[in-house]
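# Commentary on secondary and tertiary structure
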Amino acid sequence: MAGPGLLLALGERRGLIGHRDADGSLQVHAVLAAPDGWAPGDVRAELLAAFAGWHDGLRSLIAEAGGPLVARGIHTLPAGHRWPRTPGVTLLGDAAHLMAPFACDGANQAMLDGAELAAALVGHPTDPEAALGAYEELLFPRAAATAAEAAAMFAVCFRADAPRGLVDLLTASGQLVTVDA
Ligand SMILES: Cc1cc2nc3c(=O)[nH]c(=O)nc-3n(C[C@H](O)[C@H](O)[C@H](O)COP(=O)(O)OP(=O)(O)OC[C@H]3O[C@@H](n4cnc5c(N)ncnc54)[C@H](O)[C@@H]3O)c2cc1C
């Protein structure tokens, strides 16, 4: 069902997202709206109940998954999160801009943070405070834009008419090719 790439099965406030790893294994994330701190005793049973009525092939991704199933919350900082310049300190990566993994960009942003922070320090060799300020001036708008995109994608993927929103987005961008089953 996932082929060599990505599988997205989306519904209102839930979905199954699978991707093929380089070693050939399939990683599957089951996404579910749940109360804060949700900690089921039997994750597999809870998920199978939550995805009752879904296609058997999709449910088998839960039923036949190897390894322990772990419930993890999706936490985010608000898009546009920033802080006052604080001497001697700055943040990068998720610590600076934790976002839902739906722009697929958190690690890319973290690496760019590191590169831009390094460039700022090299550019201000005798003034680290100026370097941190220059870094944050680039960081804040860039992270805000990506975090907003991630939040919007997250909402689109799991809205009431899912997967229509994502299908429309991919169709509009020319990335969706439909084939007859
Ligand atoms: C399901 C999912 C899918 C994702 N998909 C993508 C994707 O396709 N593309 C993409 O670019 N990004 C993706 N991301 C986001 C990406 O994983 C993160 O943005 C990235 O890992 C952030 O890197 P980081 O170094 O800032 O933080 P982390 O990777 O969280 O590293 C922080 C490290 O600090 C350690 N640590 C924490 N507290 C302490 C302490 N007190 N002392 C010592 N060590 C400590 C932690 O153990 C951890 O190893 C995804 C994230 C998730 C959850």
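Just so we're clear, the structure is a prediction, and the values are computed from it rather than from any experiment.

Inspection of every chain in the model, using the stated rule, returns 1 cavity of 30 Å³ or more. Within this model, the largest cavity holds a volume of roughly 70 Å³. As for the largest cavity, its lining consists of Leu-77, Pro-78, Gly-80, His-81, Ala-96, His-97, Leu-98, Phe-140, Ala-143, Ala-144 and Ala-147. Elements with a minimum of two residues in the lining of the largest cavity: α3 (94-97) and α5 (128-157).

Before going further, it helps to spend a moment on the domain arrangement of the chain. Entries for the chain in the domain assignment read domain 1 (6-73) and domain 2 (75-181). Each of domain 1 and domain 2 has a C-alpha centre, and these two points are 25 Å apart. Interface area for domain 1 against domain 2, summed over the two sides, is near 740 Å², with a carbon-plus-sulfur share of 73%. When the area that domain 1 buries against domain 2 is broken down by residue, the three leading residues are Leu-10, Glu-12 and Gly-73, summing to 56%. Between domain 1 and domain 2 we count 0 salt bridges in total. Where domain 1 packs against domain 2, one counts 1 residue pair in polar contact (both at pLDDT 80 or more). Split into classes, the residues belonging to the side of domain 1 that touches domain 2 amount to 4 nonpolar, 3 polar and 4 charged.

Basis of the calculations
- Residues numbered from 1 in each chain as written.
- Predicted model: local features only at pLDDT ≥ 70, side-chain atom pairs only at ≥ 80, totals over all residues.
- Heavy atoms only, no water.
- 1 Å grid on protein atoms, 1.4 Å probe; cavity = no way out; pocket = protein on both sides within 12 Å on 5 of 7 lines; lining within 4 Å.
- Points joined across faces, edges and corners; volume = space filled by probe spheres on them.
- Helix = DSSP H or I, 4+ residues; strand = E, 2+ residues; numbered from the N terminus.
- Domains from an automatic or database assignment.
- Buried area = accessible area lost by both parts, 1.4 Å probe.
- Salt bridge = Lys/Arg side-chain N within 4 Å of Asp/Glu carboxyl O.
- Polar contact = N/O pair within 3.5 Å; in protein donor to acceptor, adjacent residues only side chain to side chain.
- Nonpolar A, V, L, I, M, F, W, Y, C, P; charged D, E, K, R; others polar.

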